[in-house]
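Spelled out from the first residue to the last, the chains are:
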Amino acid sequence: MTTDETMPAAPEDGAPIRCGFAALAGRPNVGKSTLLNALIGQKVSIVSPKPQTTRTRIHGVLNQPGLQIAFVDLPGIHAKQTRAMNRYMNRTAISSLTDADVNLFVVEALRFTEEDERVLEELKRAELPIILVINKVDRAHPKERLLPYIQELSAKADFVEVVPISATRPTTLDKLPEIFAK
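Residues numbered from 1 in each chain as written. Predicted model: local features only at pLDDT ≥ 70, side-chain atom pairs only at ≥ 80, totals over all residues. Heavy atoms only, no water.

**A word on the nonpolar core**
And step 1. Among the nonpolar cores identified, the biggest contains 27 residues, and Phe-105 and Ile-134 are the most heavily contacted of them.
And step 2. Grouped together as the second largest cluster of nonpolar side chains are 23 residues, Leu-39, Leu-62, Leu-104 and Leu-176 included. (Core = buried A, V, L, I, M, F, W, Y, C linked by side-chain atoms within 4.5 Å. Buried < 20%, exposed > 50% of the residue type's maximum accessible area, 1.4 Å probe, protein only.)

**A few points about the sheet that holds strand β4 (residues 102-108)**
Within a beta sheet, neighbouring strands are joined by backbone hydrogen bonds and run either parallel or antiparallel to one another.
And step 1. Here we have six strands laid out as an open sheet, ordered β2-β3-β1-β4-β5-β6, and mixed in their pairing. Looking at which strands have only one partner, the edges of the open sheet turn out to be β2 (58-64) and β6 (161-164). Each strand axis lies, on average, 25° off the axis of its neighbour in the sheet, ignoring direction.
And step 2. Examined bridge by bridge, β4 and strand β5 (residues 130-135) share six bridges and lie parallel to one another. Opposite Phe-105, over in β5, you have Leu-132 as the bridge partner.
And step 3. Where helix α4 (residues 114-126) meets the sheet, it contacts β1 (18-25), β4 and β5, and its direction lies at approximately 170° from that of β4. (Pairing = 2+ DSSP bridges. Helix = DSSP H or I, 4+ residues; strand = E, 2+ residues; numbered from the N terminus. Axes fitted to C-alpha atoms, helices over the stretch in contact; angles between N-to-C directions. Contact = heavy atoms within 4.5 Å.)

**What to know about the side chain of Asp-116**
And step 1. Here Asp-116 is to be found in helix α4.
And step 2. Judged by relative accessible area, Asp-116 falls into the buried class, the value being 0%.
And step 3. Once residues lying within four places of it in the same chain are set aside, the contact partners of Asp-116 are Arg-27, Val-30, Phe-105, Val-107 and Arg-111.

**Re the environment of Ala-126**
And step 1. Note on placement: Ala-126 falls in helix α4.
And step 2. Overall, the relative accessible area of 12% leaves Ala-126 in the buried class.
And step 3. Distance in space between the C-alpha atoms of Ala-126 and Val-102 is 9.9 Å, their sequence separation being 24 residues.
And step 4. Non-local contacts of Ala-126, meaning those with residues more than four positions away in its chain, are made with Leu-97, Thr-98 and Asn-103.

**Some points on the pattern of salt bridges**
And step 1. Applying the stated criterion across every chain yields a total of nine salt bridges.
And step 2. With a closest N to O distance of 3.6 Å, Glu-108 and Arg-111 form a salt bridge. (Salt bridge = Lys/Arg side-chain N within 4 Å of Asp/Glu carboxyl O.)

**Thoughts on the layout of surface pockets**
And step 1. By volume, the second largest pocket is sized at about 210 Å³.
And step 2. The wall of the second largest pocket is formed by 14 residues, among which Arg-18, Gly-20, Asp-101, Val-102 and Phe-180 lie closest to the centre.
And step 3. Of all the secondary structure elements, the ones that give two or more residues to the lining of the second largest pocket are β1, β3 (67-73) and α6 (175-181).
And step 4. For the lining of the second largest pocket, the leading source of residues is β1, giving four residues. (1 Å grid on protein atoms, 1.4 Å probe; cavity = no way out; pocket = protein on both sides within 12 Å on 5 of 7 lines; lining within 4 Å. Points joined across faces, edges and corners; volume = space filled by probe spheres on them.)

Read these as spatial facts, not as claims about activity.
Below, the structure is given as structure tokens:
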């Protein structure tokens, strides 16, 4: 690879290049890996309907003019920890929350569970900025419930931003890189 491929181009207005790490955190099967693949524009993380497919941290880098974001796809944080592998995945995910510059809390539209609540508590403990990413909004039915759901979740923490998206529809993802460019 050449340097041009690994470093973002400087913005034309002379603004500084912004770089950082963003962790994708959430319970299993909320679409963290699908989101990573969509943001990067290529398949870097395995996507499967089977929970806990992501077992270690997966990194993907987004390069845009003046912006470079290293996304870290974490294993889903879950309540069942009966097996050693489950405990390992939870430790990996939770310990990674403090390694990022910002955490993206990925939840599913119209479905907030006790596991989501647990993830949110871990994110608050990390004491880093949190962006709430509400995924699968295209599947939310009836649509009238979506706005009250977003308002209810927004009140649970001091989120930097609240972004409703569908990771399977890349046109809804434009707002995320814009947030990092601020």
